[in-house]
Amino acid sequence: MYLRKFSVRQLLITPSLPIVNEGKSTSLKDLQVGWNNGIVISTRDTLLTFDPQNCKKTVSGSIFISHAHNDHTKGFDSKNQKIATQETCELYEAKTRTKADNKKVLSYSDKIRFDDVEIVPHDSGHILGSAQFQIRTPFGTIIYTGDMNLLETLTTKSASIVNCDILIMEATYGNPFYAFPEREDTYGNIVSWVIRQIRENRVPIFQLYTIGKAQEVIALLNDFTNLPVVVDPPIARASHIYSKYNHKLVFLDSTEEEGQELLRHGNCAYLISNGNSNMIPTERKAARSVVTGWALRFKTPNGAFPLSSHADYPHLIDYVKEVNPSRVYTCFGSSEVLAQNIRKECKIAARPLPTIEQTSLMNFIHG
Ligand SMILES: [Zn+2]
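Note that this is a predicted model, so its numbers are computed, not measured.

### Here's the deal with the coordination of the zinc ion
(1) Moving on: Looking at the zinc ion, the protein donor atoms are His67 (NE2), His69 (ND1), His126 (NE2) and Asp147 (OD), and they sit 2.2 Å from it.
(2) Moving on: Considering all 4 donor atoms around the zinc ion, the spread of angles at the metal, 89 to 163°, places the coordination shape in the irregular class.
(3) Moving on: Judged by its relative accessible area of 0%, His67 falls in the buried class.

### Topic: the packing of aromatic side chains
(1) Moving on: Counted according to the given criterion, the structure contains 14 aromatic pairs.
(2) Moving on: With centroids separated by 6.1 Å and ring planes inclined at 75°, the aromatic side chains of Phe64 and Phe114 adopt a geometry described as edge-to-face. Taken together, the residues Phe64 in strand E4 (residues 62-64) and Phe114 in strand E7 (residues 112-114) connect sequence positions 50 residues apart.
(3) Moving on: Here Phe64 falls in the buried class, since its relative accessible area comes to 0%.
(4) Moving on: Residue Phe114 is classed as buried on the basis of its relative accessible area of 17%.
(5) Moving on: Between Phe177 and Tyr178 the ring centres are 5.0 Å apart and the planes differ by 90°, which places this aromatic pair in the edge-to-face class.
(6) Moving on: Aromatic ring contacts, followed pair by pair, group Phe50, Phe64, Phe114, Phe133 and Tyr144 into a single cluster.

### So, the pattern of salt bridges
(1) Moving on: In this structure the tally under the stated criterion is 9 salt bridges.
(2) Moving on: In this structure, Glu90 engages Lys244 in a salt bridge whose closest nitrogen and oxygen atoms are separated by 2.9 Å. Here Glu90, found in helix H2 (residues 86-96), pairs with Lys244, found in helix H5 (residues 233-245); they are 154 residues apart in sequence, far enough to count as distant.
(3) Moving on: Here Lys244 falls in the exposed class, since its relative accessible area comes to 54%.

### Points about the pairing of strand E18 (residues 327-333)
(1) Moving on: Counting buried positions along E18 yields 7 of 7 residues, so the element is predominantly enclosed.
(2) Moving on: Sheet analysis places strand E11 (residues 166-171) next to E18, joined by 6 bridges and oriented parallel. Note that in E18 the partner of Ile166 across the bridge is Arg327.
(3) Moving on: For E18 and strand E19 (residues 349-352), the ladder comprises 4 bridges, and the chain directions are parallel. Bridge pairing in E19 links Thr330 to Pro352.
(4) Moving on: Crossover handedness for the path E18 to helix H8 (residues 335-346) to E19: right-handed.

### A few points about the environment of Glu357
(1) Moving on: Here Glu357 is to be found in the loop between E19 and helix H9 (358-366).
(2) Moving on: With relative accessibility at 43%, the residue Glu357 sits in the partly exposed group.
(3) Moving on: Taking the C-alpha atoms as reference, Glu357 lies 8.4 Å from Trp35; in sequence the two are 322 residues apart.

### A closer look at empty space enclosed by the protein
(1) Moving on: Under the counting rule described, the total for this entry stands at 2 cavities of 30 Å³ or more.
(2) Moving on: Taken as a whole, the second largest cavity spans an internal volume of roughly 40 Å³.
(3) Moving on: His126, Ile127, Thr153, Thr155, Thr156, Arg183, Gly212, Glu216, Tyr242, Ser308 and Ser309 together form the lining of the second largest cavity.
(4) Moving on: Class assignment for the residues of the lining of the second largest cavity results in 2 nonpolar, 7 polar and 2 charged.
(5) Moving on: When residues of the lining of the second largest cavity are sorted by domain, at least three fall in each of domain 1 (4-178 + 310-366) and domain 2 (183-305).

What counts as what
- Residues numbered from 1 in each chain as written.
- Predicted model: local features only at pLDDT ≥ 70, side-chain atom pairs only at ≥ 80, totals over all residues.
- Heavy atoms only, no water.
- Donors = N, O, S within 2.8 Å, 3.2 Å for Na, K, Ca; no water.
- Tetrahedral: all angles 85-135°; square planar, octahedral: opposite > 155°, others 65-115°.
- Buried < 20%, exposed > 50% of the residue type's maximum accessible area, 1.4 Å probe, protein only.
- Phe/Tyr/Trp six-rings, centres within 6.5 Å; stacked < 30°, edge-to-face > 60°.
- Helix = DSSP H or I, 4+ residues; strand = E, 2+ residues; numbered from the N terminus.
- Salt bridge = Lys/Arg side-chain N within 4 Å of Asp/Glu carboxyl O.
- Pairing = 2+ DSSP bridges.
- Right-handed = clockwise from strand over helix to strand, strands pointing away.
- 1 Å grid on protein atoms, 1.4 Å probe; cavity = no way out; pocket = protein on both sides within 12 Å on 5 of 7 lines; lining within 4 Å.
- Points joined across faces, edges and corners; volume = space filled by probe spheres on them.
- Nonpolar A, V, L, I, M, F, W, Y, C, P; charged D, E, K, R; others polar.
- Domains from an automatic or database assignment.

No statement about biological role is implied by the geometric values presented.
Shown next, in the form of structure tokens:
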């Protein structure tokens with residue numbers, strides 16, 4: 001998700017090509033898979049869009065939303081039918097404080113059918129409610145996974161492994177450089193850093209993603225320290241949804257009296273959303289930290305922890321081997337590098353997801 005802007009630009013300059021009918025199997029000629037303002041999968045009878053990027057543009061067919069991060073929820077702006085898990089809808093509503101309308105809610109393993117295509121969501125292991133979609137067509141089975149993680153964390157289970165003919169997968173950390181340390185080691189480093197800051201009379205502050213990472217750090221501090229955790233209001237709203245469906249989290253909202261009092265005296269950890277640059281209302285010094293997989297690339301004096309909700313490169317390769325498709329399309333991030341390495345390491349046909357122009361898509365469906 002972090003390299004989204006880069007990846008979209010990269011995809012847009014990919015030449016438009018006929019998609020699946022380039023392969024050996026002639027039975028796939030009535031199936032199109034590609035990028036058109038989102039992941040598009042169409043047979044001659046059915047057109048589905050997954051994680052559209054801009055709903056001011058026309059989006060055709062029903063829209064599937066994989067999870068509640070900003071770069072995957074633009075589809076909620078559309079008038080079309082939206083399909084997502086209950087948790088994704090509630091996290092989106094908590095984040096935006098708007099109601100998601102015209103929605104159809106599915107649980108993992110539920111089925112929904114559109115003419116000749118059946119779709120089943122499965123856990124993608126990324127954040128609460130995140131889904132990968134199994135798309136069964138008369139021409140083969142496709143898995144589309146947006147952001148995913150193969151590791152079980154304090155707040156998520158690992159991604160399900162579902163075999164398929166065609167895999168469309170994220171490539172956020174699709175470069176061999178990204179191999180994360182053991183998660184338990186990173187958990188230990190975070191807790192040690194927090195204890196050191198408190199001992200030295202500083203308030204430990206974490207700047208992180210509002211949904212997913214924040215709840216994992218709250219769970220970590222709840223489970224392994226006695227330190228109160230104060231969070232900003234967007235993190236508080238998302239954390240209430242986690243507490244409802246997933247991991248019971250204990251935290252205080254920074255806008256409430258008790259949270260403000262704790263912050264003032266500094267006997268707490270403070271979690272703030274990325275982009276929230278408000279002054280820290282404390283009488284003590286503050287020690288800032290960032291928690292992101294990109295921390296592998298940088299170090300700051302106050303700590304940067306490579307904890308990610310995504311699979312790293314070795315796990316992306318493991319995932320492909322487990323799913324064992326006959327071809328892979330990569331998107332979002334290091335798509336070219338990952339495709340190249342899948343060809344080399346897994347001996348599976350792979351390439352970045354090609355763009356389908358709107359007219360070509362319409363001709364395909366109505367042609
Ligand atoms: Zn995400």
